[in-house]
Amino acid sequence: MEKISYKLEVFEGPLDLLLHLIEKNKIDIRDIPINMLLSQYLEYVEEYKSRNLDTISDFINMASTLLLIKSRILLPKHEEEEEDPREELVDLLTEYKKYKLAAKELQSSAQSSAGQYVREPEELRFPATYTGKHKPEELSRAYQRLSRRVKGKMPPPASTFTAYVASKVVSVGSRVYGVLKLLLRQGQTCWSSLFVTARSRSEIVATFLAVLELSKVNRIWVEETEGEPVVLLRRK
């Protein structure tokens, strides 16, 4: 294939380049041959990838999108995957073409009316109801695309977090009260016995911190002898 040469300043972005290639090769925008379009597009990117240009990243990003579309076309299709992988790109190009033509008309109008003065625009009033008409297949395609995009962004169900937030959180203050109440009744207690009746990890941690806090403020003291279990005693 003859090498194609472009000037970067001709194109405002990757969509502008793709639209140029489609028009140059007289391709139907609704039936884009990705292989041919991709090879020509990559020649352009290859030519300019060594230059330090701010916009080249956008062109490289579009090249990756084209490669992804090509790979999806080559993969075997399942029955539920009826959507053409080129469809989203076609929609982007169609919209871009509309805006490009509108911008060209506005530019031409601005040049032809330069130096002229017009009256202030009047306020436009639009009907309150939507009067647009669409074919059923257009609405169906739009809904399918939207549902696929939203499905991947939906938050996980509440059951996912049950193990983390559903259990009751035991406060250190409540365990301070519990330990003191036990020592007031018994005078002393074995360290390990405080954790025997614990119902959750939260209660174990709270009890441990409660003992440290009581020791810090001299409400209890810890007595340990060799070979004997650790005993907690209440200070009078």
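Residues numbered from 1 in each chain as written. Predicted model: local features only at pLDDT ≥ 70, side-chain atom pairs only at ≥ 80, totals over all residues. Heavy atoms only, no water.

J.: What should I look at first to understand the overall build of the protein chain in this one?
T.: Scanning the protein chain from terminus to terminus reveals nine helices and three strands. Looking at the 236 residues of the protein chain, the share that counts as buried comes to 24%. At a minimum sequence separation of 6, the contacts of the protein chain that also span at least 24 residues come to 61%. In the form shown here, the protein chain has an accessible surface area of approximately 18600 Å², with 55% of it arising from carbon and sulfur atoms. (Helix = DSSP H or I, 4+ residues; strand = E, 2+ residues; numbered from the N terminus. Buried < 20%, exposed > 50% of the residue type's maximum accessible area, 1.4 Å probe, protein only. Contact = heavy atoms within 4.5 Å. Areas by Shrake-Rupley, 256 points an atom, 1.4 Å probe, with all protein chains shown as cover.)

J.: What should I look at first to understand the packing of helix α7 (residues 172-186) against helix α9 (residues 201-216) in this one?
T.: The description of two packed helices rests on the angle between their axes and on the distance between the axes. Taken N-terminus to C-terminus, the directions of α7 and α9 make an angle of 65 degrees; their axes are 8 Å apart at the nearest point. As judged from the angle between their axes, α7 and α9 are roughly perpendicular. Crossing handedness for the pair α7 and α9: right-handed. Residue-level contacts link Val172, Arg175, Val176, Val179 and Leu180 of α7 to Glu203, Ala206, Thr207, Leu209, Ala210 and Leu214 of α9. Here the contact of α7 with α9 is composed, by residue class, of eight nonpolar, one polar and two charged. (Axes fitted to C-alpha atoms, helices over the stretch in contact; angles between N-to-C directions. Parallel < 35°, antiparallel > 145°, perpendicular 65-115°, else oblique. Left-handed = near helix turned anticlockwise from the far one by under 90°. Nonpolar A, V, L, I, M, F, W, Y, C, P; charged D, E, K, R; others polar.)

J.: Which parts of the structure should I look at to understand the environment of Val205?
T.: Note on placement: Val205 falls in helix α9. Of the residues examined, Val205 reaches a relative accessible area of 44% and is grouped as partly exposed. Sequence separation between Val205 and Val170 is 35 residues; the distance between their C-alpha atoms is 8.6 Å.

J.: Honestly, unusual backbone geometry in this entry has me stumped. Any pointers?
T.: A negative phi angle is the norm for most residues apart from glycine, just as the trans form is the norm for most peptide bonds. In this structure, Lys26 is a non-glycine residue whose phi angle is positive, near 55 degrees. When you line up the elements, Lys26 lands in the loop between α1 (14-24) and α2 (34-48). We note that Asn218 has phi near 60 degrees; this positive angle belongs to a residue other than glycine. Secondary-structure assignment places Asn218 in the loop between α9 and β2 (220-223).

J.: Explanation requested: helix α4 (residues 87-112) in the structure shown.
T.: Three- or four-residue spacings in an α-helix give side chains the same orientation, since the helix completes a turn every 3.6 residues. Between its terminal C-alpha atoms α4 stretches 38 Å, which fits the 38 Å expected from 26 residues at 1.5 Å a residue. Looking at α4, one finds that the buried residues are Glu87, Leu89, Val90, Leu93 and Tyr96. (Expected span 1.5 Å × (residues − 1).)

J.: Just to check I follow, could you spell out the pattern of salt bridges for this structure?
T.: Opposite charge on two side chains makes pairing possible when the charged atoms of those side chains draw close. Per the stated rule, a full pass over the model turns up four salt bridges. Taking the shortest distance from any N to any O, the salt bridge between Lys100 and Asp16 comes out at 2.6 Å. In this pair, Lys100 sits in helix α4 while Asp16 sits in helix α1, placing the two residues 84 residues apart along the sequence. Note that Glu87 is salt-bridged to Arg141, the shortest N-O span being 3.2 Å. A residue pair is termed long-range when its members are at least 10 positions apart, and Glu87 in helix α4 and Arg141 in helix α5 (residues 136-151) qualify at 54 residues. (Salt bridge = Lys/Arg side-chain N within 4 Å of Asp/Glu carboxyl O.)

J.: What should I look at first to understand the nonpolar core in this one?
T.: With 27 residues, the main nonpolar core has Leu18, Tyr41 and Leu93 as its most contacted residues. Elements with a contribution of two residues or more to this core: α1, α2, α3 (56-74) and α4. For this core, the element with the most residues is α2, which contributes seven residues. Among all residues touching Leu93, those that are not within four sequence positions of it are Leu15, Leu18, Leu19, Ile22, Ile29 and Ile32. (Core = buried A, V, L, I, M, F, W, Y, C linked by side-chain atoms within 4.5 Å.)

J.: Just checking my understanding: could you explain α2 for this structure?
T.: Counted at 1.5 Å a residue, the expected span for α2 with its 15 residues is 21 Å, and the 21 Å between its end C-alpha atoms agrees. Taken together, the buried positions of α2 are occupied by Ile34, Leu37, Leu38, Gln40, Tyr41, Tyr44, Val45 and Tyr48. Lining the buried residues of α2 we find α1 and α3.

J.: Is there a simple way to explain the environment of Val172 in this structure?
T.: Note on placement: Val172 falls in helix α7. Between the C-alpha atom of Val172 and that of Ser202, which follows or precedes it by 30 residues, the distance is 9.4 Å. If sequence neighbours within four positions are ignored, Val172 has contacts with Ala206, Leu209 and Ala210.

J.: Any chance you could explain the side chain of Glu87 here in plain terms?
T.: The exposure class of Glu87 is buried, given its relative accessible area of 15%. Setting aside residues no more than four positions away along its own chain, Glu87 makes contact with Arg141 and Arg145.

J.: I would appreciate a short explanation of the confidence of the model for the protein chain in the present structure.
T.: If pLDDT is low for a region, its predicted coordinates should not be looked at in detail. Across the protein chain, the average pLDDT comes to 77, with 74% of residues at 70 or higher. Segment residues 1-9 is flagged for pLDDT under 50; beyond a separation of four residues in sequence, or across chains, it makes 22 contacts in the model. (pLDDT = per-residue confidence, 0-100.)

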